[in-house]
Amino acid sequence: MRFRAKIVDLACLNHFSRVVNTIAKLAKTCTLRLTDSKLYFILADKVANGGVSMWCELCQGNFFDEFQMEGVAAEHNEIYLELVPENLSRALRTAQSAKAVKMKLTNKHCPCLRVAVELPSLSSSSRIVTHDIPVGVIPRRLWNDFREPSVPDFDVSIYLPVLKTMKSVVERMKNLSNSVAIEANLSGEMNLKIETDLVSVTTHFKDLGNPPWASEDGCQSSAQGRDLESMAEARIDIRKLQQLLAGQQVNPTKALCNIVSKRIVHFILLHEDVSLQYFIPALA
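As the structure is a computational prediction, the values presented were derived from the model and not from experiment.

**Q** Just checking my understanding: could you explain a positive patch on the surface for this structure?
**A** Where like charges cluster on the molecular surface, the positive patch consists of Arg4, Lys102, Lys104 and Lys108. On the secondary structure map, arginine 4 appears in strand E1 (residues 2-7). Overall, the relative accessible area of 42% leaves arginine 4 in the partly exposed class.

**Q** How do you make sense of the layout of surface pockets when you look at a structure like this?
**A** To find the voids left in a structure, one rolls a probe of water-molecule size over its atoms. Empty space within the second largest pocket amounts to approximately 260 Å³. Along the wall of the second largest pocket there are 13 residues; nearest its centre are Val162, Leu163, Lys164, Asn251 and Pro252. Per element, the largest residue contribution to the lining of the second largest pocket is 3 residues, and it comes from helix H3 (residues 163-174). Among the residues making up the lining of the second largest pocket, the classes are represented as 7 nonpolar, 3 polar and 3 charged.

**Q** Teacher, can you tell me more about the packing of H3 against helix H4 (residues 238-246) here?
**A** Helix-helix packing: each pair is described by the crossing angle between the helix axes and the interaxial distance. Closest axis-to-axis distance for the H3/H4 pair is 9 Å, and the angle between their directions is 145°. As for how H3 packs across H4, the hand of that crossing is left-handed. The segment H3 lies against H4, with Leu163, Met166, Lys167, Val170, Glu171, Met173 and Lys174 engaging Ile238, Leu241, Gln242, Leu245 and Ala246. Here the contact of H3 with H4 is built from residues that sort into 8 nonpolar, 1 polar and 3 charged.

**Q** How should the state of the cysteines be read in this particular structure?
**A** Applying the stated criterion across every chain, the model contains 0 disulfides. Here cysteine 12 is not cross-linked by a disulfide; its sulfur's nearest cysteine counterpart is in cysteine 59, at 12 Å. Residue cysteine 30 stays outside any disulfide, its sulfur separated by 9.2 Å from that of cysteine 56, the closest cysteine. The class for cysteine 30 is buried, based on a relative accessible area of 3%.

**Q** Mind showing me how you'd approach the pairing of strand E18 (residues 274-281) here?
**A** The two faces of the sheet receive side chains in turn, since in a regular strand these alternate between them. For E18, the tally of buried residues reaches 8 of 8 residues, placing the bulk of the element in the interior. What you see with E18 is no split at all: Val274, Leu276, Tyr278 and Ile280 on one side and Ser275, Gln277, Phe279 and Pro281 on the other are buried throughout. In the sheet, strand E4 (residues 53-59) pairs with E18 via 6 bridges, with the strands oriented antiparallel. From the neighbouring strand, cysteine 56 faces E18, where its bridge partner is leucine 276. Sheet analysis places strand E17 (residues 264-271) next to E18, joined by 8 bridges and oriented antiparallel. Across the sheet, residue histidine 266 finds its bridge partner in E18, namely phenylalanine 279. Between the end of E17 and the start of E18, which pair antiparallel, lie 2 residues.

**Q** What should I look at first to understand the environment of phenylalanine 63 in this one?
**A** Here phenylalanine 63 is to be found in the loop between E4 and strand E5 (66-70). Along the backbone, phenylalanine 63 and aspartate 273 are 210 residues apart, and their C-alpha atoms lie at a distance of 9.0 Å. With residues up to four places along the chain from it excluded, the contact list for phenylalanine 63 reads Ile7, Cys12, His15, Phe16, Leu58, Asp273 and Val274.

**Q** What should I look at first to understand the pattern of salt bridges in this one?
**A** Any two side chains of opposite charge can pair if their charged atoms end up close together. Scanning the model with the defined rule gives 10 salt bridges in all. Across the pair glutamate 118 and lysine 99 runs a salt bridge, and its minimum N-O distance is 3.7 Å. On the criterion of sequence distance, the pair formed by glutamate 118 in strand E8 (residues 111-119) and lysine 99 in the loop between helix H2 (85-93) and strand E7 (100-107) is long-range, its members being 19 residues apart. On the basis of relative accessibility, which here comes to 42%, the residue lysine 99 falls in the partly exposed class. Connected through salt bridges with shared partners, the residues Glu86, Arg90 and Arg93 form a single ionic network.

Thresholds applied
Residues numbered from 1 in each chain as written. Predicted model: local features only at pLDDT ≥ 70, side-chain atom pairs only at ≥ 80, totals over all residues. Heavy atoms only, no water. Patch = residues over 30% accessible without salt bridge, like charges linked within 9 Å, V, L, I, M, F, W, Y side chains within 5 Å. Areas by Shrake-Rupley, 256 points an atom, 1.4 Å probe, with all protein chains shown as cover. Salt bridge = Lys/Arg side-chain N within 4 Å of Asp/Glu carboxyl O. Lys, Arg positive; Asp, Glu negative; His and termini not counted. Charge placed at Lys NZ, Arg CZ, Asp CG, Glu CD. Helix = DSSP H or I, 4+ residues; strand = E, 2+ residues; numbered from the N terminus. Buried < 20%, exposed > 50% of the residue type's maximum accessible area, 1.4 Å probe, protein only. 1 Å grid on protein atoms, 1.4 Å probe; cavity = no way out; pocket = protein on both sides within 12 Å on 5 of 7 lines; lining within 4 Å. Points joined across faces, edges and corners; volume = space filled by probe spheres on them. Nonpolar A, V, L, I, M, F, W, Y, C, P; charged D, E, K, R; others polar. Axes fitted to C-alpha atoms, helices over the stretch in contact; angles between N-to-C directions. Left-handed = near helix turned anticlockwise from the far one by under 90°. Contact = heavy atoms within 4.5 Å. Disulfide = S-S within 2.5 Å. Pairing = 2+ DSSP bridges.

Interpretation note: all reported values are geometric properties and have no functional meaning in isolation.
Set out below in structure tokens:
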């Protein structure tokens, strides 16, 4: 099992760093899955038990100048590592003006992801700062726990308003309640609502638009034939929503959410070369 990679382009490095920062804000530990064409950051908390889950996918060719890996076996050419994303984020923070960053899987005293940052120096020799990030190697028999979550059979799919606006609304609401109801319909309307014994507050968003999901792709059945005005609603933990909005450093070009009434809210944030899915279960 081997992995080594290198980033030389500063823009790619900063972009990768922003993605890792976002992941670090969403998950204390996560799984890094490496294949020869993609990297995945996966958080597989069981949504059924009230945990959030996350699936972030990057094409390695858009970030790395060199990328070599050999998986656990020829027919299973993948590597699954458990790591603390904050450690990787911290290592990349030292690389803001680096000439190059190399990553390598090593095994001195324990398995580590070594991040070597080559910094520019005034003399002819360059300075290299090395970070060894401990990782756990996930055995093949457990890989099925980290498959891509299926898109739920949603009632409504809607584009999100500007995330900064939504974030400031949610931050104000967070001081009033622990939960927020998200409701939306197929006419591009979405509401964020909180209700407590003392106060009820609703913020309305209009003209957001609904994504044109291809009806043949099967994940559309419950939204088909649905009354355009009727709202689908799920009440979720407001801190989990705030965490998603506060952690965003990738500035998605498209952001949308799918609501399965009273069951789950599924967020999809798309950037040219990154996609992030985030699942928040509804509260009972």
